[in-house]
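Summary of the model geometry
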Amino acid sequence: MAILIKGGRVIDPARNLDGRQDILIEGEKITTLAANLEAPAGARVIDAGGMIVTPGLIDMHVHLREPGYEQKETIASGTRAAAAGGFTAVACMANTKPVADSASVIYFIKEKARQEGVVRVYPVGALSKGLEGKEIAEIGDLAAAGAVAISDDGRPVMNALVMRHALEYAKMFNLPVISHCEDEALANDGLMHEGLVATILGLRGIPAAAEEVMVARDLILAELTGGRLHLAHVSTAGSVRLLKEARARGVRVTAEATPHHLCLTDMLVQSYDTSTKVNPPLRPAGDVAAVVAALAAGDIDVIASDHAPHADEDKDVEYDYAPFGMVGLETAVPLVVTELILPGKLTWQQAIKSWTANPARILNIPGGSLVPGGVADVTIIDPDMEKEVDVNEFYSRGHNSPLQGRKLKGWPVLTIVGGRVVMENGKIIEE
Amino acid sequence: MELMVKARIMDADKLRRTLTRIAHEILERNRGTENLVLIGIRRRGVPLAERLQKLIREIEGVEVPLGILDITLYRDDLTTLSVQPVIHRTEIPFNINGKKVVLVDDVLFTGRTLRAALDALIDLGRPQNIQLAVIIDRGHRELPVRADYVGKNVPTSRKEEIAVQLVEIDGVDQVLIRELPEEADVNP
Amino acid sequence: MRLQRKDLLGLKDLSAEEIELILETAAPMKEILGRDIKKVPTLRGKLVVTMFYEPSTRTRTSFELAAKYMGADTMSIATATSSVQKGESLRDTARTLAAMGTDAVIIRHSAAGSPALLARTIEASVLNGGDGMHEHPTQALLDMFTIKEKLGGFKGLKVAILGDILHSRVARSNIWGLTKMGAEVRVVGPATLIPPEIENLGVKVYYNAEEALKGVDVINVLRIQRERQKKGLFPSLREYARLYELTPERLKLARPGALVLHPGPMNRGIEIAPAVADGLQAAITEQVTNGVAVRMALLYLLIGGAN
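Residues numbered from 1 in each chain as written. Chains lettered and ligands numbered in written order. Predicted model: local features only at pLDDT ≥ 70, side-chain atom pairs only at ≥ 80, totals over all residues. Heavy atoms only, no water.

1. Brief notes about the overall build of chain C
For chain C, the helix and strand inventory stands at 13 helices and nine strands. Over its C-alpha atoms chain C spans a radius of gyration of 19 Å, differing by no more than 12% from the 19 Å that the globule rule assigns to 307 residues. With the C-alpha coordinates aligned to their principal axes, the bounding extent of chain C is approximately 55 × 45 × 35 Å. The buried share of chain C, reckoned over its 307 residues, is 61%. (Helix = DSSP H or I, 4+ residues; strand = E, 2+ residues; numbered from the N terminus. Rg over C-alpha atoms; globule rule 2.2 N^0.38 Å. Buried < 20%, exposed > 50% of the residue type's maximum accessible area, 1.4 Å probe, protein only.)

Dropping the structure here:
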């Protein structure tokens, strides 16, 4: 069935497009993009007046937990959470059980996603065997099976030589190496950002330096190897400074920031709410401002959620014992709209670029732009819609969000994947 | 709630004479001051006990030991009070074992304060006997207790309140009967 | 007047008036401790449970005695092996306690924030008996009671807290309480044991013991845990003692007659010299008595009145 999206404000940074356009979708593809299109007979007409219409949003950093941790999330539930949050594609990290360090796990994820998923799923392969950081994984096999990047995310690669080899080896397959920058010794089993709030709460601190030391190391190794480095979840002013300096020197590096590191501070930990326990930790306002500025300046390329669902019982414990991570797929868009776009810290174009063209380019995947003849992955956002976050309505199995009860504005209202409406008004449309 | 003064049943002179009489009665009953101690129940029993101590000294030339008892921790109505009472110190700087203890309070009403005071005293030791001196006995007992020395028996209704006012606390020596206004009865 | 709160989680949240009320109420409680029959019926029929996830005979028995002296029934859940190992979560244990009709729970836990988690879960009053590096409010209140009793008040008083400030919940609670009451607080210890940004709590940071102790009215000596040395936070106990042990010579730098406190148990010859620990200026054994009085006051103020 054909779909005509009429009267929306179409923002497609890849084509430098921002204006009123109608979009005609036939089958799995976009056929026409122009002003004032007439609906063909039998087409569904979607009135997008007052709405923002964008290329399908891509979240290049999520944890779908399957295989192995299905009590936290599954490919079925995680992709529904993605669709509900306005995302048409996700890249999922390798810290599953078994670890995605072999072609067979990559095949499993892709096959499972094809059968049960509602958005596109791009697996990230492990950087090292078993995520142990000792020997590099079979990166060639992973690439052939369809991994779009390699990463040990969730854990740092502490051995600099292993990181060097990974950057060199992955270069042969043109795969980016996504680095979780954390010096474990400096992090020292910390629970939150090291600073005044941690001192008051008596929670062991993770200094900003634990991240920055590794950012510096990896930038130096990227320069040494010419490999493609992508910095995951950049969270400190110091990391931003190092990143800018490296970029100015021409190092091949890209970077992402999460909505929570862009919008929330370590003050939120004061309640000891375990959903605020994330790695890297929530930082003070100064760091948050620096990361936002870097995103606006284009030094940080991507907004990625680092969606990290956990079962309720995993998080319903003492702060010390709770695992790191918060869910983000279903709140990423309205949080960024409310905290960054509406207050004027970020433009719609910048935000959408970081969710579309940039991650598509980094991962070398289709989509990220609205092109006639291209796949019909489209997201529609209602910039005026306001509602409270209710974790109990999440499609994700994880309810670990510190945003529970917070009123946010600018919610995705329609998600189209390959010409099919998979989410409408917050509800998943099953086939 | 503003209380209306219904009657003034003692002035300073009357109170002084009453205390003098009680002091004589205490000495007579106990045949002097041997083993005699006075213990005032907070709050208005304390200045009253001090005055009795002074009167006894004037009569006998002997200073009997004086203690202060705070009975808050022994009250049986703690869980029903809307305002939690502040705890004050019990100051009994002598051993009460084998002593003749005269407890001093301003008003004897339901008897519950006295019950708490007896429990508190018995936790402190084993006196030879315990006697009670009050300025006003207003009736309405809820426990089987009585006073050994009474300044004045005043039949009252439950709506009324006896206010023993003392210079040390209230700036004036007098005893008043006060009453809740009529409308308070309609809308309690 | 009563505490306008269900729980005592820390001194950070208390007002100066509330602290004053607790200290005022502890004084008559101390009188009870001097009696032959140390028992009042105030909390008869109330159930006070101690739940200690970290061994601490001192604090647990102090709370239990306080509860018993106030007439409450006590029950102790010894959790030498943590509930995590047993597979029962803190919340589940708490719900069990609630079902038993518990009026107050004293919790000691190595994880900061556990009392807050417990307080959110159950209706009973929760008293923090020490949580991780966060707060140990009853210890600070008994320290403050001792200071008030000996020195009369807090306004303008100079108090030095000496030792491992980083890991010390005692230090944090003392800082909140003392600064609220108008004292000037100095913290002194090796740079590796001073928490980041602590000066923002209104204290002065010193690394040199001699400098810090000059003219102070109170010295609160903290226990140094030997494990910290193994983690490389200072090179040796020997060097620690050389730089920070409260010796008679260092004590002379303080105001004459300055008060010496220690939360115990002491490492004699490491953080405090025996001659100081047993000296006339030390109020260390009296702190133990005062601890019971302060805890009696808290139990009265939290569960002694109307439900």
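2. Re the domain arrangement of chain C
Residue and element names in this part refer to chain C. Examined at the domain level, chain C breaks down into domain 1 (7-135 + 288-304) and domain 2 (137-284). Its C-alpha centre places domain 1 at a distance of 25 Å from the equivalent point of domain 2. Opposite the 33 residues of domain 1 that make contact, domain 2 presents 26 residues. Of all residues in domain 1, the largest losses of buried area upon contact with domain 2 belong to Leu11, Leu23 and Met133, amounting jointly to 26% of the total for that side. Counting every contact that joins domain 1 to domain 2 gives four salt bridges. Between Arg169 and Glu54 there is a salt bridge, with the nearest N and O atoms lying 3.1 Å from each other. (Domains from an automatic or database assignment. Contact = heavy atoms within 4.5 Å. Buried area = accessible area lost by both parts, 1.4 Å probe. Salt bridge = Lys/Arg side-chain N within 4 Å of Asp/Glu carboxyl O.)

3. Brief notes about the UniProt feature "binding site: L-aspartate" in chain C
All names here are of chain C. Per the UniProt entry, the sites bearing "binding site: L-aspartate" are Lys86, Arg169 and Arg223 in this numbering. Non-local contacts of Arg169, meaning those with residues more than four positions away in its chain, are made with Glu54, Arg108, His109, Gly130, Asp131, Gly132, Met133, His134, Glu135 and His136. Polar side-chain contacts of Arg169 include one of 3.1 Å to the side chain of Glu54. (UniProt positions renumbered as here; feature names shortened; annotations may be inferred. Polar contact = N/O pair within 3.5 Å; in protein donor to acceptor, adjacent residues only side chain to side chain.)

4. Concerning helix α10 (residues 237-244) of chain C
Residue and element names in this part refer to chain C. For α10, every residue scored as buried is listed here: Tyr240, Ala241 and Tyr244. Axial view of α10: buried residues confined to an arc of 95°, hence all on one face. Residues of α10 that are exposed and point more than 90 degrees away from the buried face comprise Arg238 and Arg242. Considering only its buried residues, α10 is in contact with β5 (158-162), β6 (184-188), α8 (209-213) and α11 (248-251). (Arc of directions from axis to C-beta.)

5. Observations concerning the confidence of the model for chain C
When pLDDT is averaged along chain C, the result is 93; 96% of the residues meet or exceed 70. The complex prediction reports pTM at 0.92, with the ipTM value standing at 0.94. (pLDDT = per-residue confidence, 0-100.)

6. Side note on the packing of helix α1 (residues 16-33) of chain C against helix α13 (residues 284-303) of chain C
Residue and element names in this part refer to chain C. The contact between α1 and α13 brings their axes to 7 Å, and the two run at 115°. The chirality of how α1 crosses α13 is right-handed. Packed against α1, whose contacting residues are Leu21, Ile22, Thr25, Ala26, Met29, Lys30, Ile32 and Leu33, the element α13 presents Glu286, Thr289, Asn290, Val292, Ala293, Val294, Met296, Ala297, Leu298, Tyr300 and Leu301 at the interface. Of the residues in the contact of α1 with α13, the class split is 14 nonpolar, three polar and two charged. (Axes fitted to C-alpha atoms, helices over the stretch in contact; angles between N-to-C directions. Left-handed = near helix turned anticlockwise from the far one by under 90°. Nonpolar A, V, L, I, M, F, W, Y, C, P; charged D, E, K, R; others polar.)

7. Structural notes on the packing of aromatic side chains
Within this structure, the stated rule accounts for four aromatic pairs over all chains. Between Tyr169 of chain A and Phe173 of chain A, the aromatic rings sit 5.7 Å apart at their centres with planes inclined by 50°, giving tilted as the arrangement. Judged by its relative accessible area of 34%, Tyr169 of chain A falls in the partly exposed class. According to the relative accessible area criterion, Phe173 of chain A is partly exposed, its value standing at 31%. On the basis of an interplanar angle of 45° and a centroid distance of 5.4 Å, the ring pair of Phe234 of chain C and Tyr240 of chain C is categorised as tilted. Judged on exposure class, the residue Phe234 of chain C and its partner Tyr240 of chain C are both buried. Aromatic ring contacts, followed pair by pair, group Phe234, Tyr240 and Tyr244 of chain C into a single cluster. The positively charged end of Arg138 of chain B is found above the aromatic ring belonging to Phe109 of chain B, 3.9 Å away from the centroid. Sitting over the face of the ring of Phe63 of chain C, Arg295 of chain C holds its NZ or CZ atom 4.8 Å from the ring centroid. (Phe/Tyr/Trp six-rings, centres within 6.5 Å; stacked < 30°, edge-to-face > 60°. Lys NZ or Arg CZ within 6 Å of the ring centre and 35° of its normal.)

8. Comments concerning the interface of chain B and chain C
Taken together, the contact pairs 17 residues of chain B with 23 residues of chain C. A combined buried area of about 1700 Å² lies between chain B and chain C, and 57% of that area is made up of carbon and sulfur atoms. The largest contributions to the chain B side of the interface with chain C come from Leu73, Gln84 and Ile87 of chain B, which together make up 39% of the buried area. At the junction of chain B with chain C, the criterion picks out zero salt bridges.

9. Observations concerning the sheet that holds strand β8 (residues 120-123) of chain A
Residues and elements named next belong to chain A. Pairing in this open sheet of three strands is parallel, and the strands run β6-β7-β8 from one edge to the other. Pairing within the sheet leaves two strands with one partner each, and these edge strands are β6 (57-62) and β8. In this sheet, adjacent strand axes meet at a mean angle of 20° when their direction is disregarded. Sheet analysis places strand β7 (residues 87-92) next to β8, joined by four bridges and oriented parallel. The residue bridging Cys92 from the neighbouring strand is Pro123, located in β8. (Pairing = 2+ DSSP bridges.)

10. Some thoughts on the UniProt feature "domain: Phosphoribosyltransferase" (unreviewed entry) in chain B
Those places that UniProt annotates as "domain: Phosphoribosyltransferase" (unreviewed entry) correspond, in this numbering, to residues 14-155 of chain B. Spanning residues 14-155 of chain B, this segment combines 32% helix with 23% strand, and its end C-alpha atoms are found 18 Å apart.

11. Focus on the interface of chain A and chain C
Listed as interface residues are 18 residues of chain A and, on the opposing side, 24 residues of chain C. When residues of chain A are sorted by the area they lose upon contact with chain C, Thr199, Ile200 and Glu318 of chain A head the list and together hold 33% of the total. The partner of Asp316 of chain A in a salt bridge is Arg91 of chain C, and the shortest N-O contact between them spans 2.1 Å. Linking chain A with chain C are six residue pairs in polar contact (both at pLDDT 80 or more).

12. Notes on the side chain of Thr276 of chain A
All names here are of chain A. Its location among the elements puts Thr276 in the loop between α9 (259-263) and α10 (285-297). With a relative accessible area of 2%, Thr276 lands in the buried category. Side chain to side chain, Thr276 and Tyr319 meet in a polar contact 2.9 Å long. Setting aside residues up to four positions removed in sequence, Thr276 forms contacts with Leu268, Val269, Leu282, Tyr319, Met326 and Pro402.

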